[in-house]
Amino acid sequence: KHLVTVPYTTGTNLFLANVNRPVIGVTGSKGKSTTTSLIGEILRAAGKNVHVVGNIGHAALEALCDERVGDEIYVMEMSSYQLDDAKYSPHIGVFVSFFPEHLDYHGSREAYFEAKSHITTHQTKDDVFYYHPGYPEIAALATRTRANAIPFRREMPFSLEGIPLVGAHNIQNILGAITVCEGLGVSLEVMERVV
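Residues numbered from 1 in each chain as written. Predicted model: local features only at pLDDT ≥ 70, side-chain atom pairs only at ≥ 80, totals over all residues. Heavy atoms only, no water.

What to know about the overall build of the protein
This is how it is decided: Runs of E in the DSSP output that reach at least two residues are strands. Runs of H or I that reach at least four are helices, and both are numbered from the N terminus. Values of the radius of gyration come from C-alpha atoms, whereas the globule rule sets the reference at 2.2 Å times the count of residues to the power 0.38. Type-normalised accessible area, obtained with a 1.4 Å probe on protein chains alone, sets the label of each residue: buried when under 20%, exposed when over 50%, and partly exposed for intermediate values. In this description, contact between two residues means that some pair of their heavy atoms is separated by no more than 4.5 Å. Here the open area of atoms and residues is found with the Shrake-Rupley method and a 1.4 Å probe, where only the protein chains shown may cover a residue. For the charge count, each Lys or Arg is scored as positive and each Asp or Glu as negative, with His and the chain ends excluded. Where a charge lies is defined by one atom per residue type: Lys uses NZ, Arg uses CZ, Asp uses CG and Glu uses CD.
In terms of regular secondary structure, the protein is built from 9 helices and 6 strands. Scaling as 2.2 N^0.38, a compact globule of 195 residues should have a C-alpha radius of gyration of about 16 Å, and the protein matches this with 16 Å. Projected onto the principal axes, the alpha-carbon positions of the protein cover approximately 55 × 40 × 30 Å. Relative to its full complement of 195 residues, the protein shows a buried share of 47%. Look at the contacts in the protein between residues 6 or more apart in sequence, and 67% of them connect residues 24 or more apart. By element, 52% of the accessible surface of the protein is carried by carbon and sulfur atoms, the whole surface being about 9800 Å². Positive and negative side-chain charges in the protein, numbering 16 and 21 respectively, have mean positions lying 5 Å apart.

Encoded structure:
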């Protein structure tokens, strides 16, 4: 049942409709802020003109109005609330984890996942969907997307010694971030240094 019965839009839809630059959208029940931050820092260290926008960065619409030079990459954390009525998906979608949350808002596990799935719903064959293969719902979504679906690396390509992010969940966040950045041509040396 739709409670809003008049036409409306959102900041997320306005941003994605008008950005005309690569956007890396990151969602997940947990780990999306960490993964978004890691991707932003790795790309910055690699010399990319990167802007972290949305929940943990610059306001997306404000960033859209900033003067641009043409080589910007935007990294955007995307919550289920932002994705619930999204009419667009980012060029690169990243889905890091899934388990029931915010059911008071979404009403059911299925509706919550449906909202999250909009990270790839509107992607095309020219887009990329990076995903954690350990969650059955996310793995199934990867078989349905039109985008090029790429699972996260299963093993860390460098030593974990000295890495300040502890815990298995953070290892998965790191694996997600480096899989995305590797796909964008960043060297393992740069990624290890940043992590």
